[in-house]
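Inside the fold
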Amino acid sequence: AEFPERCLLAESREGGARRVGEFVEWLNGALLASLYPGSPTPRVSLALDLTHALVETWGGVDVGGVVVSGAISKLAAGAGKPGEQAAGAEQSLACAFIKTPVFSAPLARALVTLLVGDWGTVRSASAALLAKLPTPLPGFENAESVGALGAHARSLALSPRVKESAAGAALATVVFAKYTLALGWDTSVVAGGGPPLHGKERTASTVSEAAASHILALVESLELRMADAPISADKPTADSALHGTLEMLALALGELAISEHTSLLRHPAARARMAAALEQLVSASEQATELVLGIISDPSTEGLEATDPSKQLVAIPDMGGGSVPDHFELEGSGELLDGNTAGSRAGKLLVVLCWLTMKEVAAALAAAAKLVVADEEANAALAEDSLIAGGGGGRLAALLPAATLQRCGELCLRTLLTTRHNGAIEKAAVGFEALCVALLRSRNAAVSALPATWLRSLLQSAHHGGLTVLRRSAGLPFAMLAMLHAERPGRNTALLLGALKRLLRRARAPETNGEDDGEADSDDEPTADAFAQSERLWVSRVHALNLLRHLFADRVFVIEMAPHLGAGFELALSALESSKWDVRNSGNQLVATLLSRAVRTRRNREDSSIANGVSARELFARAPALHGRLLGELRENTRVVLAAAAARRGGANADGEGAAAKAGEAVANPSLFACLLLLSKLTPPPLHELVEADTGVPRAADAAADRAESTAGAGGLGARYPLSPFVAHVMAVGMAHPSFREREVAARALPPLLSAAELRARATQLSAALS
């Protein structure tokens, strides 16, 4: 007897489902076997990617009563009325043959091991997979196992090593998200508290109280650590590390700022505790900053001085900031500590503890501000919904007032403007930028206006010369860019345009300051001391040039800064003529930045490709004012060079001495070299095939095309920005200047100014003269 067709179809489906289930089990085991400690990073990364796909597809299989979301389970649940089969639901037949769940205790243990034992992409992927695992984590279901997990996280987070402290903070965040926010457990064990408590029934109230208690416990742990073992230059120890606790706070606050968790803060008791914890965090951050700024931002040129004469300070190595000595003299012995002594190693530990504390303080304050703004948005949305439904629509008070948020920003600014350590400046700027991003999102006008207020205050302080010019304005550019980057997500450039207007005005020479728009600088204040006024103006000019250089160099502002390339070159060339070395140095750096932005356009993958260059007419089309400025600079310098050459040929006479002096000025004039260097970086016009292969005679059509290009150019650019006036001056400098370097760069500047036909004629003429 033959079986019905439907029975044969069912049998074939069952066989296929069995094979699929066996494959999933085999793949799951193979991937788990690759997630072992010490496995090569490429192997682990690939295994994690495949595990992620496996979890997304087969994570919802019901094995042993554990059901979590997954693509296959959603297909199986897609059936509508009883007896109906959803489209594609037959794919879920394989679930019956999967005996081992994808979400298993071995997977959870492997991911925890990778989380604390590796970093970079492996750590991020492990954390993402742990977030997808069911709650509680398989293998960590009871208080004892969770307590051990939290204690391990705390021990790692308190390490002075970044790899271990970051691992501990990541593990503590997993514990906080999986057990505090999801189950309402008390997990203050990561802050040094007792074992986890989970006796209460999970409700919104218990979860919110547990979250507030967790944050408050971490803040109190930070304060206790500062009281017991403060960071000190007298005797730095690993027990003084604060950055791990601060990082745990920042990550926990970031979890709370997620939209699905902000509703937890509406319960009055938990909200009051959270507000108190955030206020306490700001005060603790100020205390931690006071501890480290006194060490890493010491203004003494001789190094740190011990408060107690009987104590000897450790050697603080110079980590690139230029503010701390490389050695320290032993008291009364004249012996210097070197890099291999215990004292020098303690000094390195001290620097690491200080700048990591600065970094994490800024990150923690940014996370607190993000939570405050997220809570404000959630409250506003709930109030609007209540009004629509006919309710009262009342709003809760903010977790932190605007005055406290202002303290957060001023603390970050103080770190950026007073520290002299490169690492601390760069890392603190990242946190300050995140803080400004959060504040600009606020619906509270007093809060969202804080970044603009800080920017005005920052530029005003730079204008009055109250900030150091050490190391290219030190942290001033990082502070400014952090605030300007913060407004980019919304494509609002009000802060950028306001700052740019002030900087372009202040970067001019003092005698022309304020003439660009007919208005005096609102920050200018008259002073009776002429010398003090002069010093303030050139310091302000140095800061303006340095800040402009950072704006032109930043890829985020390429489009906004493109129309100001001409003004930038004018200011740089003017700065090169200053009598102050600091101004000339800033001008040189600005020229280098503008050259990279103005004469290179990425059109081809090959860096050396001529397609990536910019022709002279293209440059002048982008910056029209630059044409006249360059021509004027070359004309004046050519006059001086030719006069000096005539004096040398005519011998010593009354005019010859003056010409010789001017020749010395021409040699030392950096603006001439900058102009020639800019022209030499431009791309020559396209070279046509002007020569017949057999005769060497230019073709008439190509020669006519060259003449048309030289007179009209692309879209009439040749008539508006003629290049022929440059040629005579460049030729004169190249032939008469006494400096070989100027003659060489003038020779390189000549081809971009000539058409193809003129280039051939000049080459022929020079060859004939040399022969």
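This text gives an overview of the structure that appears in the document.

Thresholds, definitions, all that
- Residues numbered from 1 in each chain as written.
- Predicted model: local features only at pLDDT ≥ 70, side-chain atom pairs only at ≥ 80, totals over all residues.
- Heavy atoms only, no water.
- Helix = DSSP H or I, 4+ residues; strand = E, 2+ residues; numbered from the N terminus.
- Contact = heavy atoms within 4.5 Å.
- Areas by Shrake-Rupley, 256 points an atom, 1.4 Å probe, with all protein chains shown as cover.
- Axes fitted to C-alpha atoms, helices over the stretch in contact; angles between N-to-C directions.
- Parallel < 35°, antiparallel > 145°, perpendicular 65-115°, else oblique.
- Left-handed = near helix turned anticlockwise from the far one by under 90°.
- Nonpolar A, V, L, I, M, F, W, Y, C, P; charged D, E, K, R; others polar.
- Phe/Tyr/Trp six-rings, centres within 6.5 Å; stacked < 30°, edge-to-face > 60°.
- Salt bridge = Lys/Arg side-chain N within 4 Å of Asp/Glu carboxyl O.
- Buried < 20%, exposed > 50% of the residue type's maximum accessible area, 1.4 Å probe, protein only.

Turning our attention to the overall build of the protein. Along the protein, the regular secondary structure elements total 32 helices and 0 strands. Nonlocal contacts in the protein, meaning residues at least 24 apart in sequence, comprise 71% of its contacts between residues at least 6 apart. When the accessible surface of the protein is split by element, carbon and sulfur atoms take 56% of a total near 35800 Å².

The N-to-C vectors of helix α14 (residues 422-440) and helix α18 (residues 476-486) enclose an angle of 30 degrees; their axes lie 8 Å apart at closest approach. As judged from the angle between their axes, α14 and α18 are roughly parallel. In the packing of α14 onto α18, the handedness of the crossing is right-handed. On the side of α14, the interface is formed by Ile425, Glu426, Ala429, Phe432, Glu433, Cys436, Val437 and Leu440, while α18 contributes Phe478, Ala479, Ala482, Met483, His485 and Ala486. A breakdown of the residues in the contact of α14 with α18 according to their chemical character gives 11 nonpolar, 1 polar and 2 charged.

Under the definition given, this model contains 4 aromatic pairs. Residues Phe432 and Trp454 carry aromatic rings whose centres are separated by 5.8 Å and whose planes lie at 40 degrees to one another, so their mutual orientation is tilted. With a gap of 22 residues between them, Phe432 in helix α14 and Trp454 in helix α16 (residues 450-463) connect regions that are remote in the sequence.

Take the pattern of salt bridges next. Oppositely charged side chains can pair when the atoms bearing their charge come close. Applying the stated criterion across every chain yields a total of 12 salt bridges. Between Asp375 and Arg271 there is a salt bridge; the shortest N-O distance is 2.6 Å. In this pair, Asp375 is assigned in helix α12 (residues 342-388) and Arg271 in helix α11 (residues 268-296), connecting sequence segments 104 residues apart. Each member of the pair Asp375 and Arg271 is classed as buried. Linking Glu360 and Lys359 is a salt bridge whose minimum nitrogen-to-oxygen distance equals 3.7 Å. Accessibility expressed as a relative area gives 6% for Glu360, which makes it buried. Here the residues in one salt-bridge network are Glu279, Glu286 and Arg407, joined through shared partners.

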